[in-house]
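The lines below spell out each chain.
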Amino acid sequence: MTDPEALLRAWVDAADAGRLDSFEDYLHHDLVVHAPLGLSTKGIDEERAVWRDALAAMPGIRHAIQEVVVQGDTVVARVVVTGVHEGDFAGIPRTGRSFTIDQVLFAHLRDGKIVELWEIVDTAALLSQLGVLAP
């Protein structure tokens, strides 16, 4: 059986490092991602495209996993995301500002891969730090 925590950590590391060709190792072909800011996806190719855009706009983005809870085939992680908004992303024009936000990932596994992912992001903090939303 696949270790859900190790799988999630490996996928996050691969994504941050831009190893998008390895997504098939971590993501199920029936993948559904529920994400804010219009970034929800269906399938590995759509998720890869979002990450390609994210890495182009925020090349130094990092997801630091703070703690993980596993129950069966579900893994939940509390994450701190940092980066610099160097290009247009999710409809937000480049601001050049840095950000540090909280995120929670709920991942459901099937056949040893992530099949459904819920990204809960402090979008208010992100938009405020980018200067798009008044604090």
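Because the structure is predicted, anything quoted here is derived from the model rather than measured.

Cut-offs applied
- Residues numbered from 1 in each chain as written.
- Predicted model: local features only at pLDDT ≥ 70, side-chain atom pairs only at ≥ 80, totals over all residues.
- Heavy atoms only, no water.
- Phe/Tyr/Trp six-rings, centres within 6.5 Å; stacked < 30°, edge-to-face > 60°.
- Helix = DSSP H or I, 4+ residues; strand = E, 2+ residues; numbered from the N terminus.
- Buried < 20%, exposed > 50% of the residue type's maximum accessible area, 1.4 Å probe, protein only.
- Contact = heavy atoms within 4.5 Å.
- Core = buried A, V, L, I, M, F, W, Y, C linked by side-chain atoms within 4.5 Å.
- Axes fitted to C-alpha atoms, helices over the stretch in contact; angles between N-to-C directions.
- Parallel < 35°, antiparallel > 145°, perpendicular 65-115°, else oblique.
- Nonpolar A, V, L, I, M, F, W, Y, C, P; charged D, E, K, R; others polar.
- Expected span 1.5 Å × (residues − 1).

Colleague: Tell me what's going on with the packing of aromatic side chains, and back it up with residues and numbers.
Modeller: Applying the stated rule across the entire model yields 2 aromatic pairs. Arranged with centres 6.1 Å apart and planes meeting at 85 degrees, the rings of W11 and W51 form a pair that is edge-to-face. Of the two residues, W11 sits in helix α1 (residues 4-16) while W51 sits in helix α2 (residues 44-57), which places them 40 residues apart along the sequence. The two residues W11 and W51 agree in class, both being buried. Every member of this aromatic cluster is reached through a ring pair, and the members are W11, F23 and W51.

Colleague: So, the environment of E119: which residues are in play, and what are the values?
Modeller: For E119, the location among the structural elements is in strand β6 (residues 113-121). Note: C-alpha distance between E119 and L39 (80 residues apart in sequence) is 9.7 Å. Discounting chain neighbours no more than four positions away, the residues touching E119 are V33, H34, A35, P36, E47, Q103, V104 and L105.

Colleague: Run through the nonpolar core, naming residues and quoting values.
Modeller: Nonpolar side chains tend to gather and get buried jointly when the protein is soluble and globular. Ranked by internal contacts, the top residues of the largest apolar core, which has 40 residues, are L8, W11, F23, L27, W51, F99 and I114. Mapped onto this core, the elements with two or more residues apiece are α1, β1 (27-34), α2, β4 (74-84), β5 (98-110), β6 and α3 (123-129). Not counting residues within four places of it along the chain, the set of residues in contact with F23 comprises W11, A15, I44, E47, R48 and W51.

Colleague: Residue-level account of the packing of α1 against α2, with values.
Modeller: Where α1 contacts α2, the axes come no closer than 10 Å and their chain directions differ by 50 degrees. Between α1 and α2, the crossing angle belongs to the class labelled oblique. Contacts between α1 and α2 pair W11, A15 and D16 from the former with E47, W51 and L55 from the latter. Residue composition of the contact of α1 with α2, by class: 4 nonpolar, no polar and 2 charged.

Colleague: Residue-level account of α2, with values.
Modeller: Compared with an ideal rise of 1.5 Å per residue, which puts 14 residues at 20 Å, α2 spans 20 Å between its outermost C-alpha atoms and is within 8% of the ideal. Where α2 is concerned, the buried positions are I44, E47, R48, V50, W51, A54, L55 and A57. Against α1, β1, β2 (41-42), β3 (62-71), β4 and β6 lie the buried residues of α2.

Nothing here speaks to function; it is all geometry.
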